[in-house]
Amino acid sequence: MALLSVKNLTIRFHTRNGVIKAVENICFSVNRGETLAIVGESGSGKSVACYGLLGLVPTPPGKIESGAAYFNGIDLIQAKEQDLQKIRGNDIAVIFQDPMTSLNPYLTIGEQLTEPLTTHRGKSRSEAVIMAIKMLCEVGIEDPGEKIYSYPHEFSGGMQQRVMIAMALMAKPKLLICDEPTTALDVTTQAQILILIKELQKKYGIAVIFISHDLGVVAGIADKIAVMKEGLIVEEGRTEDIFYNAKNAYTKKLLSSIPCGEKKLAICDENKIFLRVNNLKAFFCESNSCNSWSFASMFSRGNKKLKMIKAVNNVSFEIRRGEILGLVGESGSGKSTLGRAILQLTPTTDGNVVFDGVNLTLLPPNKKTSMRKRMQMIFQDPYSSLNPRMNVHDMLAEPLLYHRLVSRRDVTKEVLRLMNDVGLARSAAKKYPHEFSGGQRQRIAIGRAISTKPEFIVADEPVSALDVTVQAQILELILSLVDKHNLTMMFISHDLSVVRYIADRIAVMNHGKLVEIKATADIFKTPSQEYTKQLITAIPLADPTKEKERQRIAADRLKLMTRESI
Amino acid sequence: MSRPIQYNESPLTQILPSIGKSTSLWMDGWIRLKKNTLAIVSLAILILFCAVALLTPVIAPYGYEEQDLLLGAASPSLAHPLGTDIFGRDMLTRIMYGSRISLAVGFLASSVAVFIGVFWGAIAGYSGGRIDAAMMRLVDILYALPFMIFIVLLMVVFGRNILLLFLAIGAVEWLTMARIVRGQVLALKQQQFIEAALSLGLSHWTIIRRHLIPNILSPVIVYATLTIPSVMLLEAFLSFLGLGIQPPESSWGLLISYGVETMEEYPWLILFPGLFLSITLFALNFLGDGLRDALDPRTSKD
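Source: prediction; values computed, not measured.

1. With respect to the overall build of chain B
Next up, step 1: What chain B contains, in helices and strands, is twelve helices and zero strands.
Next up, step 2: Traced from its N-terminal end to its C-terminal end, chain B shows the element sequence α-α-α-α-α-α-α-α-α-α-α-α.
Next up, step 3: Counting only C-alpha atoms and orienting by the principal axes, one finds that chain B spans roughly 75 × 50 × 30 Å.
Next up, step 4: A buried classification covers 47% of the 302 residues belonging to chain B.
Next up, step 5: Within chain B, residue pairs in contact and separated by at least 24 positions form 71% of the contacts whose partners lie at least 6 positions apart.
Next up, step 6: Per element, the accessible surface of chain B, about 14,500 Å² overall, is 69% carbon and sulfur.
Next up, step 7: Taking the average place of the 19 positive charges on the side chains of chain B and the average place of its 20 negative ones, the gap between the two points comes to 14 Å.

2. Quick word on the sheet that holds strand β9 (residues 224-229) of chain A
Residue and element names in this part refer to chain A.
Next up, step 1: Reading across the sheet, the six strands line up as β6-β7-β8-β3-β9-β10 and stay open at both edges, with mixed pairing between neighbours. If you trace the sheet from one side to the other, it starts and ends with β6 (92-95) and β10 (232-238), each paired once. Neighbour-to-neighbour, the strand axes of the sheet open up by a mean angle of 15 degrees, direction not taken into account.
Next up, step 2: Bridging between β6 and strand β7 (residues 175-179) involves four bridges; their strand directions are parallel. Bridging from a neighbouring strand, I95 pairs with C178 of β7.
Next up, step 3: The sheet strands contacting helix α11 (residues 249-257) are β3 (35-39), β9 and β10, and the helix crosses β9 at an angle near 100 degrees.

3. Observations regarding the packing of helix α4 (residues 91-127) of chain B against helix α7 (residues 162-189) of chain B
All names here are of chain B.
Next up, step 1: Axis separation between α4 and α7 bottoms out at 5 Å; the angle between their running directions is 35 degrees. Both α4 and α7 take part in a crossing whose hand is right-handed.
Next up, step 2: Across the contact of α4 with α7, the residue classes tally to 24 nonpolar, four polar and three charged.

4. Comments concerning the side chain of N391 of chain A
Next up, step 1: Examined against the element boundaries, N391 of chain A turns out to sit in the loop between β16 (375-378) and α15 (392-402).
Next up, step 2: With a relative accessible area of 1%, N391 of chain A lands in the buried category.

5. Quick notes on the pattern of salt bridges
All names here are of chain A.
Next up, step 1: On inspection of all chains with the given rule, the structure shows 28 salt bridges over all chains.
Next up, step 2: One salt bridge in this structure joins E34 and K224, with 3.5 Å as the shortest N-O distance. Placement of E34 in the loop between β2 (18-30) and β3 and of K224 in strand β9 is noted, with a sequence separation of 190 residues between them. No difference in accessibility class separates E34 from K224, as the two residues are buried.
Next up, step 3: Connected through shared salt-bridge partners, E414, R417, D421, K453 and K484 make up one network.

6. Looking at the pairing of strand β1 (residues 4-15) of chain A
All names here are of chain A.
Next up, step 1: The sheet contact formed by β1 and strand β4 (residues 62-71) spans eight bridges and is antiparallel. In the strand pairing of β4, K7 is matched with A68.
Next up, step 2: Linking β1 to β2, which pair antiparallel, is a turn of two residues.

7. Focus: a nonpolar patch on the surface
Next up, step 1: On the surface, a cluster of nonpolar side chains totalling about 440 Å² of accessible area is made up of L54, L55, V58 and I59 of chain B.
Next up, step 2: You can see L55 of chain B is positioned in helix α3 (residues 37-59).

8. Overview of helix α5 (residues 129-144) of chain B
Next up, step 1: The end-to-end C-alpha distance of α5 of chain B, which contains 16 residues, comes to 22 Å, matching closely the 22 Å that a straight helix rising 1.5 Å per residue would cover.
Next up, step 2: Residues of α5 of chain B that are buried: D132, A133, M135, M136 and V139 of chain B.

9. Points about the environment of K513 of chain A
Residue and element names in this part refer to chain A.
Next up, step 1: Relative to the helices and strands, K513 resides in strand β20 (residues 513-519).
Next up, step 2: A C-alpha to C-alpha distance of 50 Å links K513 and L3, two positions 510 residues apart in sequence.
Next up, step 3: When sequence neighbours within four positions are dropped, the list of residues in contact with K513 reads N313, V315 and V508.

10. Here we look at the sheet that holds strand β5 (residues 74-75) of chain A
All names here are of chain A.
Next up, step 1: Strand order in the open sheet formed by four strands is β2-β1-β4-β5, and the pairing between neighbours is antiparallel. Taken across any chain shown, the strands that pair with only one partner, and hence form the sheet edges, are β2 and β5.
Next up, step 2: Relative to β1, helix α1 (residues 46-53) is tilted by about 110 degrees, and along the sheet it contacts β1, β2 and β4.

11. Notes on the environment of S278 of chain B
Residue and element names in this part refer to chain B.
Next up, step 1: Looking at the element boundaries, S278 is found in helix α12 (residues 268-294).
Next up, step 2: On the accessibility criterion, S278 (33% relative accessible area) is partly exposed.
Next up, step 3: The sequence separation of S278 and P229 amounts to 49 residues, and the corresponding C-alpha distance is 9.4 Å.

12. Concerning the pairing of β16 of chain A
Residues and elements named next belong to chain A.
Next up, step 1: Covered by surrounding structure in β16 are M375 and M377 together with Q376 and I378, the residues of both alternating faces.
Next up, step 2: Direction of pairing for β16 relative to strand β17 (residues 456-460): parallel, over a ladder of four bridges. Its bridge partner lying in β17, M377 is registered against V458.

13. Thoughts on unusual backbone geometry
Residue and element names in this part refer to chain A.
Next up, step 1: Even without glycine at this site, N72 takes up a positive phi of about 55 degrees.
Next up, step 2: Here N72 shows up in the loop between β4 and β5.
Next up, step 3: On the basis of relative accessible area, N72 is assigned to the partly exposed category, the value being 35%.
Next up, step 4: The phi angle at N314 is positive, at roughly 55 degrees, despite the residue not being glycine.
Next up, step 5: The exposure class assigned to N314 is partly exposed, which follows from its relative accessible area of 42%.

14. Details of the side chain of N215 of chain B
Next up, step 1: With respect to the element layout, N215 of chain B can be found in the loop between α9 (204-212) and α10 (217-240).
Next up, step 2: The class of N215 of chain B is buried, set by a relative accessible area of 10%.
Next up, step 3: Excluding anything up to four places from it in sequence, N215 of chain B contacts N387, P388 and R389 of chain A together with L188 and F193 of chain B.

15. Let's talk about the nonpolar core
Side chains that are nonpolar tend, in soluble globular proteins, to be buried together.
All names here are of chain A.
Next up, step 1: Membership of the largest hydrophobic core comes to 53 residues, with the highest contact counts inside it found for M419, M489, F491 and I506.
Next up, step 2: Of the residues forming this core, the biggest block, eight residues, is contributed by helix α18 (residues 468-485).
Next up, step 3: Apart from the residues lying within four places of it in its own chain, the contact partners of M419 are V392, L396, L424, A425, R426, A428 and A429.
Next up, step 4: Judged by nonpolar contacts, the second largest core, of 51 residues, contains A128, V163, I206 and L254.

16. Some points on the packing of aromatic side chains
Next up, step 1: All chains considered together, the criterion is met by eleven aromatic pairs over all chains.
Next up, step 2: Ring plane angle 55 degrees and centroid distance 5.8 Å describe the contact between Y266 of chain B and W268 of chain B, whose orientation is recorded as tilted.
Next up, step 3: What makes Y266 of chain B partly exposed here is its relative accessible area of 25%.
Next up, step 4: Of the aromatic side chains, those joined through ring pairs into one cluster are F274, F355 and F456 of chain A.
Next up, step 5: In this structure, R500 of chain A packs its charged tip against the face of F524 of chain A, placed 3.9 Å from the ring centre.

Definitions and limits used
Residues numbered from 1 in each chain as written. Chains lettered and ligands numbered in written order. Predicted model: local features only at pLDDT ≥ 70, side-chain atom pairs only at ≥ 80, totals over all residues. Heavy atoms only, no water. Helix = DSSP H or I, 4+ residues; strand = E, 2+ residues; numbered from the N terminus. Buried < 20%, exposed > 50% of the residue type's maximum accessible area, 1.4 Å probe, protein only. Contact = heavy atoms within 4.5 Å. Areas by Shrake-Rupley, 256 points an atom, 1.4 Å probe, with all protein chains shown as cover. Lys, Arg positive; Asp, Glu negative; His and termini not counted. Charge placed at Lys NZ, Arg CZ, Asp CG, Glu CD. Pairing = 2+ DSSP bridges. Axes fitted to C-alpha atoms, helices over the stretch in contact; angles between N-to-C directions. Left-handed = near helix turned anticlockwise from the far one by under 90°. Nonpolar A, V, L, I, M, F, W, Y, C, P; charged D, E, K, R; others polar. Salt bridge = Lys/Arg side-chain N within 4 Å of Asp/Glu carboxyl O. Patch = residues over 30% accessible without salt bridge, like charges linked within 9 Å, V, L, I, M, F, W, Y side chains within 5 Å. Expected span 1.5 Å × (residues − 1). Core = buried A, V, L, I, M, F, W, Y, C linked by side-chain atoms within 4.5 Å. Phe/Tyr/Trp six-rings, centres within 6.5 Å; stacked < 30°, edge-to-face > 60°. Lys NZ or Arg CZ within 6 Å of the ring centre and 35° of its normal.

Spelled out as structure tokens, the structure:
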């Protein structure tokens, strides 16, 4: 008998704007020790379906209309709140997408791990601490005896997710629900977390429901896959069947949107150096220690030691006119800072940036403004990069009017032309950012970036906050705009498969230094640096057999590395 | 749900005239506000009160100094609809004259406070570093000054003057506003759209004006609606101490504080000024809430 079997589950949201059918009549089941992946775009109802089982869907507006979900013989839908609470803590555990917001910043890791044991299960404090340390060891955290006294902010994103997994496993659950556990993480960290989940699952025989928008991520980990679209399961089957002979059109579309292959080399003039970065350094002081007027520093005169973070350390490279340079690195490698430093959005410590023959670092501030027209930036998070109080028209019109590129009379025509360029409907002109989806928001942001007809654009992870299908559309848009307006671009991303798809050359950054810079094809064929190889092996492949093989290799490499470091 | 403006894919010529207004946040806000009945009724009441206050010398039934000592404190009647005080002065007239002072102090002093506070806070928060530290230390110093001594000094140096009263109250009330705004701006500064505006080459002043201030309107409006009543009461307190306006001139706060003394014998002396003050405050609160919702594109209550 299946551990969890869901039958005809229907969940609807009764809102002011009418009924939203979040989940319609879905059935799925998970056996002990099995992994089911639920894949779909955001808004497809994949998370709602799982939270509905646990009674975590807010009611009202949510309502479970019909269906049954048998877990160990108990119907979760009919169960009382008290029974559900017991099941939630003991038998079913959840790992959320963003570890930063799931951990309480004011409690130490140890307190958060032991709390459920001491309060609900009557374990003594020392017993609970020992269990916590064991569990942290299990999820691959070094020095767990000391780390339990640390606070969440002292951990990196990947470490935090490990702690979340430890927390979920403390109760020895039978079913683990992972809601996009790796979406907020780097590729290398993602690979490690995926391997960890897989290993722990085998060890404890846990059933796993893995929710993701990315088919590529689940290829190696899932036994079964259910593809969801608009509340319905459109296709369900063994992983191999889904990947090798998908029947549903939507599944095929999902599979085809995984970026793969390399971009054809653009015809760019090899000799025309458009932008040159010479020995660029950008150092920051740690937290407040630089602000000499802050109270802390006023009263601690003796402690004047400044801790410097070397975000960009002695980086030199050049970009040719008309090319797309991919910049890859993990979070914290200084790739975003480098992008900002090139655009003079962040102060540089040393070195210079020569843009089309002009040394930007020596430019007086008033001249910089006129240079801004020629170089623009596209930001990562389309939710915070648009002013929520400005409608699309005003947002696109602002740079045009400010730089006097068009007259006030012609501005609307120009704005509509821009909107057309980035694939937005005219009717969107009067709408505000919150009325758009992530992909559409990114289109607006791109429209704003190209409004001043720049020659050079820095795109800082423009697709990493987006679903795979939307990501493919935005990448296409960027490629077509680059082609149409003859743009030069620096494309920053932590995802090598995306960069491979879009860039002519790739630069790899690690700890503020440029590790390697090569043409895209060469870097994949003959990576010369160990770090680059590591990045390349971390890319999940959208092919179950190859992916399992890759995971095996990656796991070995990982073990080798940890052994070396010890 | 109906959105304020709904287009289907209409031809360019139809969209063109309706787009292209640069003040669209305010225009959209007004359109949304018009759908909020409570806010509009409140706005109408406030406008009515202000109009009456302006026209008082023309339409008041009696002069504000006219006494009828023989009559004394009389309960409401046809000749004196809101009764008279112990000197036989018509309460309706006194409340109308009082509204001139109270509303003027309330609105002018609060606008001064809001205006200075918003810009001071926004500039401090946006600049950060030493400018921020210096600006906020000045706020702290002013906070530390005993308010009463400050006002007594002002009155002694410049003489008693209604304009000075506005200034004195405004000068104290903006401090809190500046702190609230600075805090909001510090959080907002981290948002990427500010960086995006910088990378577009906009000047700092444009960013503060177009990107920062519209996004901090919610707390500003809420605090402003709280400031107006507190300013009116402050004026009453100052007048009661003899530092504000002096009888026979009156204000709502002053009328109330005199009314309290004779509350048991002549309840209408406190009832009617209190009623008008309450209505004004209610109207302000409803209008403030309406404005806050109307100016936030995300609340689609319409």
